[in-house]
Amino acid sequence: MDFGLSFVQAQVQESTRRMLEDRLSTQQIREAEESADGFPRPIWDEGIQLGWPGMSLPEAFGGGGCSLLDMCVLVEEVGRGGATLPLVVSSGVAATLLEHSPQSELRDWVLSEIAAGKIVCPALIDEHGRNEWDEVRLPISADGQLSGKKILVPFASVADELLVTAVTPDGDTTIVVVDPNTEGVSITRHHTKVGLPLFAVEFNDVLVAAEIHRGEGAQTALDAGLQTGSLLATAEAVGTSEALIKMSAEYVTVRKAFGQPIGAFQAVAHPCADMRINTDTVRLLVHEAAWLIGTGQDASEEVASTKALANEFFERLANDAFRVHGAIGYSNEYDLQLYTRRLQGFCRTMGETQESLERAAVALGI
C-alpha cells in the first residue's frame, strides 16, 4: 500500500511551499492580521492566478477538476506557511454546500465565481450559538426577509457573497444568498487572537431575492459542506503543526543547558517526538477521509473522529511547543505564537472535541 503523494500532489506541495517561503515572511503575516482584510491579499491574488480557489471544483464551473485529497495537500502547505486564506470557507464549505444543492442558474453562477477567485462566505453561527454545527435559529419571514445576527463569520468584510442559513415559519432550514452590500446588512469585526478575521453580520429586514436550497435537502447539503470544511481545516492545522515542529526542532538544537543542546535531554526530546508522531497520524487520517469522500463513500465517522483526535493532539502540541521553548515562546515578538494561536482557534471551530465524538458515535450507530 502506497501512502506517498501522487506526482501532481507532490508538485502542488513543492510549488506552494516554495512560493510561500519566497513571498510571505512572518512580519508580513503580522501586518496582514492587522490589516482591514485580515489576510495577505497579494498571496490570495497570486493563488487565484495559480487556480487555488477552484482546484477541486469541476471543470464545468471553471475549476481544476482535482480531488479533495489534492486540495488537502494544498491547504496543508498554506497552513505551514502561515497564510490565512479563504480556501477552507469559500472553496471548501461554500463550494461543497452548493455542489450538494439542486442545479440552478444561481447555484452554477456562484460556483463559477468561487472558481474565479470570488470569496463566498457561509454565515452559519447564530447569535448565542456555539459553532457551525448548531441548530439553525435565524428566522426568515414568509415574504423572504431576514432579521437577526450571525456571529464568527470568517472573511465577511471581503465577501463577495454570503451564504446564510435560516429557518422558515414552517420550520424548514433554508440556505439563501445575500450580497453583503445590501441595505440592512451591517458587518462588525470581532476582536480575536486566533489569526482568522471573524465578523458579526447583522440583518435588519433584509429582503432575500435568491434561495439556494430549502427543507431536508438543505440540511444534507449543509452537513456535506461542514464535513469538507472540517477536513480542510484539519489539513490546514497539520501544516501549522509542521511549522511548530520545525521551529521547535531548530530551537532545541541551538539552545544549550549544562553545556549541551537541550534537545539531548529526554524531557525535551520526547515531546518533540510526540509532535512528529501525532502530526503524521492526523495527516494520514485526513488523507484517508479525503480519499473516501473522493470515491463517493460515506466518511462521516472518519471526519468527525479525525477532528476530535486532532483537537486533542494539536492542543497538546501547542503546549509542548511552549514547554520546549520556555519563556521566550510567550513573547509576542517571537514567531511561535503566530502558529500556536491558529491551532488554538482550530480546536474550537468546525467541531469541538466532545461534539465531534458525539457525531462520530452517531455515524457508528451508537
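Whatever comes next refers back to the structure up there.
Residues numbered from 1 in each chain as written. Predicted model: local features only at pLDDT ≥ 70, side-chain atom pairs only at ≥ 80, totals over all residues. Heavy atoms only, no water.

Caption draft 1: Representation of the packing of helix α2 (residues 26-34) against helix α10 (residues 336-346) in the model. Closest axis-to-axis distance for the α2/α10 pair is 10 Å, and the angle between their directions is 50°. Judged by the inter-axis angle, α2 sits oblique to α10. Contacts between α2 and α10 pair Thr 26, Ile 29, Arg 30 and Glu 33 from the former with Gln 337, Leu 338, Tyr 339, Arg 341 and Arg 342 from the latter. The residue makeup of the contact of α2 with α10, split by class, is three nonpolar, two polar and four charged. (Axes fitted to C-alpha atoms, helices over the stretch in contact; angles between N-to-C directions. Helix = DSSP H or I, 4+ residues; strand = E, 2+ residues; numbered from the N terminus. Parallel < 35°, antiparallel > 145°, perpendicular 65-115°, else oblique. Contact = heavy atoms within 4.5 Å. Nonpolar A, V, L, I, M, F, W, Y, C, P; charged D, E, K, R; others polar.)

Caption draft 2: Layout of helix α3 (residues 41-49). For α3, the full list of buried residues reads Ile 43, Trp 44 and Gly 47. Here the buried residues of α3 occupy an arc of 100° about the axis, which is enough to place them on one side. In α3, the exposed positions angled more than 90 degrees off the buried face are occupied by Pro 42 and Gln 49. Here the buried face of α3 lies against α1 (7-23) and α5 (87-99). Once α3 ends, the next one or two residues include Gly 51, with phi positive near 85°. (Buried < 20%, exposed > 50% of the residue type's maximum accessible area, 1.4 Å probe, protein only. Arc of directions from axis to C-beta.)

Caption draft 3: Region of the structure containing the pattern of salt bridges. In the structure shown here, the tally under the stated rule is 21 salt bridges. Salt-bridge contacts for Asp 108 lead to Arg 107; the nearest nitrogen and oxygen are separated by 2.9 Å. For Glu 242, the salt bridge identified is with Arg 276, shortest N-O distance 2.9 Å. Here Glu 242 is found in helix α7 (residues 216-254), whereas its partner Arg 276 is found in helix α8 (residues 266-294), with 34 residues between them in sequence. (Salt bridge = Lys/Arg side-chain N within 4 Å of Asp/Glu carboxyl O.)

Caption draft 4: Just the nonpolar core, in detail. Counting 106 residues, the largest nonpolar core has Leu 85, Leu 87, Leu 146, Val 164, Val 178, Phe 203 and Phe 314 as its most contacted members. Looking at this core element by element, the count peaks at 16 residues for α7. Filtering out sequence-adjacent residues up to four positions away, Val 178 remains in contact with Leu 146, Glu 161, Leu 162, Val 164, Val 185, Phe 203, Val 206 and Val 208. (Core = buried A, V, L, I, M, F, W, Y, C linked by side-chain atoms within 4.5 Å.)

Caption draft 5: Looking closely at unusual backbone geometry. For Phe 155, which is not glycine, the phi dihedral falls at a positive 60°. Within the element layout of this structure, Phe 155 appears in the loop between β3 (145-154) and β4 (161-167). In this structure, Met 350 is a non-glycine residue whose phi angle is positive, near 55°. Mapping Met 350 onto the fold places it in the loop between α10 and α11 (353-363). The class for Met 350 is buried, based on a relative accessible area of 7%.

Caption draft 6: Seen up close, the side chain of Arg 342. Tracing the backbone through its elements, the reader meets Arg 342 in helix α10. Within polar-contact distance, the side chain of Arg 342 engages the backbone oxygen of Gly 82 at 3.5 Å. Polar contacts involving the side chain of Arg 342 include one to the main-chain carbonyl oxygen of Leu 338, which spans 2.6 Å. Those residues in contact with Arg 342 that lie beyond four places of it in its chain are Ile 29, Glu 33, Gly 82, Thr 84, Val 194, Gly 195 and Thr 240. (Polar contact = N/O pair within 3.5 Å; in protein donor to acceptor, adjacent residues only side chain to side chain.)

Caption draft 7: How the structure looks around α1. Here α1 is 17 residues long and its end C-alpha atoms lie 24 Å apart, about the 24 Å a rise of 1.5 Å per residue gives. Among all positions of α1, only Gln 9, Val 12, Thr 16, Met 19 and Leu 20 are buried. Down the axis of α1, the buried side of the element spans an arc of 105°, and every buried residue falls inside it. Looking at α1, the residues exposed on the side facing more than 90 degrees away from the buried face are Phe 7, Glu 21 and Asp 22. Structurally, α1 contributes buried residues whose contacts are with α3 and α4 (68-80). (Expected span 1.5 Å × (residues − 1).)

Caption draft 8: Broad picture of the state of the cysteines. Counted under the stated rule, the structure contains zero disulfides. Between Cys 121, a cysteine without a disulfide, and Cys 72, which holds the nearest cysteine sulfur, the sulfur-to-sulfur distance is 20 Å. Judged by its relative accessible area of 0%, Cys 121 is buried. Considering cysteine sulfurs only, Cys 347 is the nearest to Cys 272, which forms no disulfide, with 19 Å between them. (Disulfide = S-S within 2.5 Å.)

Caption draft 9: The arrangement of the sheet that holds β4 in detail. The strand order across the open sheet built from four strands is β1-β4-β5-β8, with neighbouring strands paired in mixed fashion. The strands lining the two open edges of the sheet, one partner per strand, are β1 (120-123) and β8 (210-214). Direction aside, the axes of adjacent strands within the sheet are offset by 25° on average. Note that β4 and strand β5 (residues 173-178) share six bridges and pair antiparallel. Paired with Val 164 across the strands is Val 176, a residue of β5. Relative to the sheet, α7 contacts β4, β5 and β8, its axis offset from that of β8 by approximately 90°. (Pairing = 2+ DSSP bridges.)

Caption draft 10: Layout of the sheet that holds β3. Taken in spatial order, the four strands make up an open sheet running β2-β3-β7-β6, and their pairing is antiparallel. Unpaired on one side and paired on the other, β2 (125-126) and β6 (185-189) mark the two borders of the sheet. Bridge count between β2 and β3: two bridges; the pairing is antiparallel. Its bridge partner being in β3, Asp 126 is matched across the sheet by Lys 150.

Keep in mind these numbers describe shape, not what the thing actually does.
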